[in-house]
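The primary structure of each chain is shown beneath.
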Amino acid sequence: MLEVKDLCVQLGSFSLKNINLDVKDEEYFVLLGPTGSGKTALLETIAGLNAVGSGQIWINGRDVTALNVEQRRIGFAFQDYALFRHLSVRDNISFGLMWKDKKPKEIDKAVDEAIELLGLEGLLEKRPWTLSGGESQKIALARAIAIKPDLLILDEPLSAVDAETKEDYEKELKQLHTRLKLTTIHVTHSFEEAI
């Protein structure tokens, strides 16, 4: 499903060298490493946000190394959420679909499915600055799955969730994966979370 072959990336003084990954179709793959080790840089490169110095990225048997972000069919839930402050929750979830040449009915259907999956019905008219960290994380996840990606990338998805909510959210991520069967890369610095 995802193959990263001898990937090298230079980002200022930081570099990734000779990275190799093989993630199977429908696998929930956890990438564990300490803060500052380049986990997010690797995810951003897989998604097409960083230039590749050398090596290749293959998704579903297709070399995507030179393709732009929109052509890769990746849903990315960023650690810092990347929500648009001026948009409602519903508009934030639909944002990625606006660039996909979809009809309004198709966009509404995909957004409604993501909202139902994650139980976000009560938040739709809120603005991002009024949300808790856990709610913001769920909105970022809903936006990532609404586009129906081939690959879902979760960058520290539990970092903003309080201890009481964390266990519930872990179960929710497992159930979501079981239901959608999306190939997923989950990045964390927490060994306990990885387990």
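So, here's what we can say about the structure. (Residues numbered from 1 in each chain as written. Predicted model: local features only at pLDDT ≥ 70, side-chain atom pairs only at ≥ 80, totals over all residues. Heavy atoms only, no water.)

### Brief notes about the overall build of the protein chain
Consideration 1: Secondary structure assignment for the protein chain yields six helices and eight strands.
Consideration 2: When the helices and strands of the protein chain are read in sequence order from the N terminus, they spell out β-β-β-α-β-β-β-α-α-α-β-α-β-α.
Consideration 3: The C-alpha atoms of the protein chain give 16 Å as radius of gyration, which agrees with the globular expectation for 195 residues (16 Å, within 12%).
Consideration 4: Seen through its C-alpha atoms, the protein chain measures out along the principal axes to roughly 45 × 40 × 30 Å.
Consideration 5: With 195 residues in all, the protein chain has 45% of them scored as buried.
Consideration 6: The long-range share in the protein chain, meaning contacts at least 24 apart out of those at least 6 apart in sequence, stands at 68%.
Consideration 7: When the accessible area of the protein chain is evaluated, it comes to approximately 10,300 Å², of which 51% is carbon and sulfur surface.
Consideration 8: Taken together, the 24 basic and 31 acidic charged side chains of the protein chain have centroids lying 4 Å from each other. (Helix = DSSP H or I, 4+ residues; strand = E, 2+ residues; numbered from the N terminus. Rg over C-alpha atoms; globule rule 2.2 N^0.38 Å. Buried < 20%, exposed > 50% of the residue type's maximum accessible area, 1.4 Å probe, protein only. Contact = heavy atoms within 4.5 Å. Areas by Shrake-Rupley, 256 points an atom, 1.4 Å probe, with all protein chains shown as cover. Lys, Arg positive; Asp, Glu negative; His and termini not counted. Charge placed at Lys NZ, Arg CZ, Asp CG, Glu CD.)

### Some details on the sheet that holds strand E8 (residues 183-188)
Consideration 1: Ordered by their spatial adjacency, four strands build an open sheet running E3-E8-E7-E6, and the pairing between neighbours is parallel. Both outer strands of the open sheet, strand E3 (28-32) and strand E6 (74-77), are each paired with one neighbouring strand and no more. When the angles between neighbouring strand axes are averaged without regard to direction, this sheet yields 15 degrees.
Consideration 2: Each of E6 and strand E7 (151-155) touches helix H4 (residues 133-146); the most contacted strand, E6, lies at about 175 degrees to it. (Pairing = 2+ DSSP bridges. Axes fitted to C-alpha atoms, helices over the stretch in contact; angles between N-to-C directions.)

### Digging into the packing of aromatic side chains
Pairs of aromatic rings are described using the distance from one ring centre to the other and the angle between the two planes.
Consideration 1: Overall, the coordinates contain two aromatic pairs when judged by the stated rule.
Consideration 2: Where Phe-76 meets Phe-78, the ring centres are 4.0 Å apart and the plane angle is 10 degrees; that geometry is what we call stacked.
Consideration 3: Residue class for Phe-76 comes out buried when judged on its relative accessible area of 10%.
Consideration 4: We classify Phe-78 as partly exposed; its relative accessible area is 22%. (Phe/Tyr/Trp six-rings, centres within 6.5 Å; stacked < 30°, edge-to-face > 60°.)

### Concerning the environment of Val-52
Consideration 1: Turning to its location among the elements, Val-52 is positioned in the loop between helix H1 (39-47) and strand E4 (54-59).
Consideration 2: We classify Val-52 as partly exposed; its relative accessible area is 23%.
Consideration 3: Sequence-wise, Val-52 and Leu-16 are 36 residues apart; in three dimensions their C-alpha atoms are separated by 9.8 Å.
Consideration 4: When sequence neighbours within four positions are dropped, the list of residues in contact with Val-52 reads Leu-7, Cys-8, Thr-45, Ile-57 and Thr-65.

### So, helix H3 (residues 104-118)
Consideration 1: In this model H3 runs 21 Å from its N-terminal to its C-terminal C-alpha over 15 residues, within 8% of the 21 Å that 1.5 Å per residue would give.
Consideration 2: Taken together, the buried positions of H3 are occupied by Ile-107, Ala-110, Val-111, Ala-114, Ile-115 and Leu-118. Summarising the axial view, the buried residues of H3 lie within an arc of 135 degrees, below the 170-degree limit, and thus occupy one face. Exposed side chains of H3 directed beyond 90 degrees from the buried face belong to Lys-105, Lys-109 and Glu-116.
Consideration 3: The inward-facing, buried residues of H3 contact helix H2 (89-94), H4 and helix H5 (163-180).
Consideration 4: Downstream of H3 by one or two residues, Gly-119 has phi in the positive range, about 60 degrees. (Expected span 1.5 Å × (residues − 1). Arc of directions from axis to C-beta.)

### Some points on the pairing of E7
Consideration 1: Counting buried positions over the five residues of E7 gives five, a clear majority of the element.
Consideration 2: With burial as the criterion, each face of E7 is covered, one bearing Leu-151, Ile-153 and Asp-155 and the other bearing Leu-152 and Leu-154.
Consideration 3: As defined by bridge partners, E6 adjoins E7 across four bridges and the pair is classed as parallel. Its bridge partner lying in E7, Ala-77 is registered against Leu-154.
Consideration 4: Bridge analysis of E7 against E8 gives five bridges, and the strand direction is parallel. Residue Asp-155 lies in a different strand from E8, and its bridge partner there is Val-187.

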